[in-house]
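Examination of the molecular architecture
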Amino acid sequence: MKLKNGFCIGLLFSAFFIVGRTNAQLIPAPQKLIRQKGAFLLNTHTKLYTNLEGKEKILFDEYLHSLPIRLQDGNGKEDTNIIKLIISPLHATSDKEAYRLCVQPDKIEVTANTGAGLFYGFQTLLQLSHSEKHIPCMEIEDKPRFAYRGFMLDVSRHFFPKDFILKMLDILAYYKLNVFHFHLADTGGWRIEMDKFPNLTKMTAYRPAENLGEWWKMGNVFCSKEDAGAYGGFYTKEDIREIIHYATSRHITVIPEIDLPGHSRDVLCAYPDLACDKRNYLNSNELCIGKEETFRFCEKILEEIMELFPCDYIHIGGDEANRNIWNACPDCRRRMQEEQMESVVDLQNYFTNRIEKFLHAHGKTMIGWDEILDGDVSKRAVVMSWREEIDGGGEAIRRGHSVIMSPTSHCYLDYYQDKPATQPTAFGYIPLEKTYGFEPVPPTTTDSSLILGVQGNLWTEHVPTASHAEYMAFPRMLAIAEVGWTDSNKKSYPDFYKRVLQATDYLESKGFHPFRITDEEGPRPEAKKPIQHLAVGKKVTYLKPHNMDDLKGAGELTLTDGWLGDWGAYGSRWQGYYGDMDVVIDLDSVQQIHSVKASFMQVPPAGLWTPGQFEIYVSEDGESYRALYEKTCRTDDTVKYEIYQQGWQGEAQARYIRLRAMRDLSWGNIICDEIIVQ
Ligand code: ACM
Ligand code: ZN
């Protein structure tokens, strides 16, 4: 057995002792593992036999060849020092990805119903043998909890070269993930060669700045590859075929996403005729749904996509369209009139259903982000749930749709994984333990068979390089792998944590740059337990509404529930205001107070800013107020992340406390977690 880079098997299986904590090596944890006495010794004479045939055998051989190991060819009759991979019906299950692995002193046997099952048994074997040449005898019976276990990469905001995609596919397979969701087109650039629409890559695959913030200051205009300082790239059809082939030999399905009809500024820059207002196309992200030309474009694009991607699914995005733009367009309004639609929600639904029918006629199943549920979308459509605040997953199931669970709260890999001050710029806060704790089946689910599985999403607004993408993806993708594969009653975070330590070493040995969980500082210390103060449980009156849908906190209790927020804004602790915050707390009786404090979070990438003006007033009767405190401070837009506490200290009598926090920048939003009165 020889390693690709000139190492030898002795190095690969160097430690000469029997693994004490076998289970501790495997991610995802298998459903059932029984240790037995003895061990199988892997050595240079170990043979491999498989009864795989035809295309599956060719693909597996190709895959084996790509590994840094060499096994001699064996035959089915041999029974010593041999690894056998045998397709044979399993008694316990008909699951396509199930396998049984039996390690005995003289042979290792993997049996499975299909090639996919054999492949996963082989991955288990690779994990077991990674650092030990003695593989302890054991029996594993294993199968995934969910059929869909995905990873999404946004290659539009930043472009990632083909070799990086292949490297990711290798590691996804190693952890038994089986879907690569390829987010190929978005506002940051179009990334796939299209024969019928060459302008897409010619005009919008490159931009004059890598950094999106800098690019924004330049007016988000694209440039051509030849321009000095051009940043970007795209995949040729040949690249795509290579990626799909590589993925197929690793039992990974590649699902393409072309985000429509929103997130389409890239398309409009190449084909302004598809905008509602062609003269003003630079200011919109949405395709015009009124024009037939839009449908001709989408269908031709999707035809080319379907020709390239053999998978059953095509993802059409559908998220975050600014639907108001269609109200102002004569073509869109005419369409709405003709089709007797009441609103632009119906208009987007018309678009979605027309595209769905087209895909269905070509034998494909459409996937859309959960905004497709805003309309009466065809039941055939699969929903990809991402907005936890609308319970997109639960709603999809109630309406009879198959659903893939990828809620922002647990599955967004572009969020901070530790205390923001220690991390590169990101959005909210999702530590490994939170991702690991994700339960894809909502408690009220009536039909869990509609839940296809789970997916981790890596959006790349702030992720410019491959090593940064690895850092954001790992180890959290390992948690997604286990959420997707292992039954929830067999999961344990402390046990997983130990396995992550080993996996991190493995990832680094393979040239990845994971976040080291041993460096983790953990949640915001002040937010670990509730605090006592005079306003806890007291009524809050909102003179201005708390009106950010995804930042409702715990509703009207948020500011006086005794809980400070964690590093991330989303969840039940922080409450958001588009514009200013203006609230009154009623302490129920006049009291002597010594301090009033509130904290605000600044996260510019999420549009959250600390206030520019902060005022506190008090009153004994709720009618006449006197000013207690006033502070003006310019918002510092160079601060990438901060939780900033403001407040007053002194002596005062008050029953009512009014607190106003006004934004400094005209477009910022304010969030607050608690008003602490002492
Ligand atoms: C999304 O995060 N806009 C799907
Ligand atoms: Zn229009």
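You'll find the structure just up there.
Residues numbered from 1 in each chain as written. Chains lettered and ligands numbered in written order. Predicted model: local features only at pLDDT ≥ 70, side-chain atom pairs only at ≥ 80, totals over all residues. Heavy atoms only, no water.

Let's shift gears to the packing of helix H4 (residues 162-174) against helix H16 (residues 466-473). Helices that pack against each other are described as a pair by the angle of their axes relative to one another and the distance between those axes. Here H4 crosses H16 at 25°, and the two axes come no closer than 11 Å. In terms of orientation, H4 lies roughly parallel with respect to H16. In this structure, H4 meets H16 at a crossing whose hand is right-handed. Contacts from Phe164, Lys167 and Met168 of H4 reach H16 at Ala466, Ala469, Glu470 and Ala473. (Axes fitted to C-alpha atoms, helices over the stretch in contact; angles between N-to-C directions. Helix = DSSP H or I, 4+ residues; strand = E, 2+ residues; numbered from the N terminus. Parallel < 35°, antiparallel > 145°, perpendicular 65-115°, else oblique. Left-handed = near helix turned anticlockwise from the far one by under 90°. Contact = heavy atoms within 4.5 Å.)

Attention now goes to the packing of aromatic side chains. Counting across every chain of the model gives 34 aromatic pairs. Look at tyrosine 63 and phenylalanine 122: their rings are 6.5 Å apart centre to centre, the planes differ by 80°, and that puts the pair in the edge-to-face class. Taken together, the residues tyrosine 63 in helix H2 (residues 54-66) and phenylalanine 122 in helix H3 (residues 115-129) connect sequence positions 59 residues apart. Among the residues examined, tyrosine 63 registers a relative accessible area of 3% and is labelled buried. Under the relative-accessibility criterion, phenylalanine 122 is labelled buried at 2%. Look at tyrosine 174 and tyrosine 175: their rings are 5.0 Å apart centre to centre, the planes differ by 85°, and that puts the pair in the edge-to-face class. Cluster of aromatic residues (ring-pair linked, three or more members): Trp369, Trp386, Tyr412, Tyr415, Phe427, Trp459 and Tyr570. Between lysine 167 and the ring centre of phenylalanine 512, over which it is positioned, the NZ or CZ distance is 4.4 Å. One residue, arginine 658, lies across the ring of tyrosine 617, its end atom 5.8 Å from the ring centre. (Phe/Tyr/Trp six-rings, centres within 6.5 Å; stacked < 30°, edge-to-face > 60°. Buried < 20%, exposed > 50% of the residue type's maximum accessible area, 1.4 Å probe, protein only. Lys NZ or Arg CZ within 6 Å of the ring centre and 35° of its normal.)

We now examine the pattern of salt bridges. Taken as a whole and judged by the stated rule, the model has 47 salt bridges. Here aspartate 195 and lysine 237 are joined by a salt bridge, their closest N and O atoms 3.1 Å apart. Here lysine 237 lies in helix H7 (residues 237-248) and aspartate 195 lies in the loop between strand E10 (189-190) and helix H5 (199-204), a separation of 42 residues in the sequence. A salt bridge links arginine 334 to glutamate 338; the nearest nitrogen and oxygen atoms lie 3.7 Å apart. Of the two residues, arginine 334 and glutamate 338 both sit in helix H11 (residues 330-338), four residues apart, roughly one turn of that helix. By relative accessible area, arginine 334 is classed as partly exposed at 35%. Using a relative accessible area of 51% as the deciding quantity, one classes glutamate 338 as exposed. Taken together, the shared-partner salt bridges in this structure form one network comprising Asp79, Lys84, Lys107 and Glu109. (Salt bridge = Lys/Arg side-chain N within 4 Å of Asp/Glu carboxyl O.)

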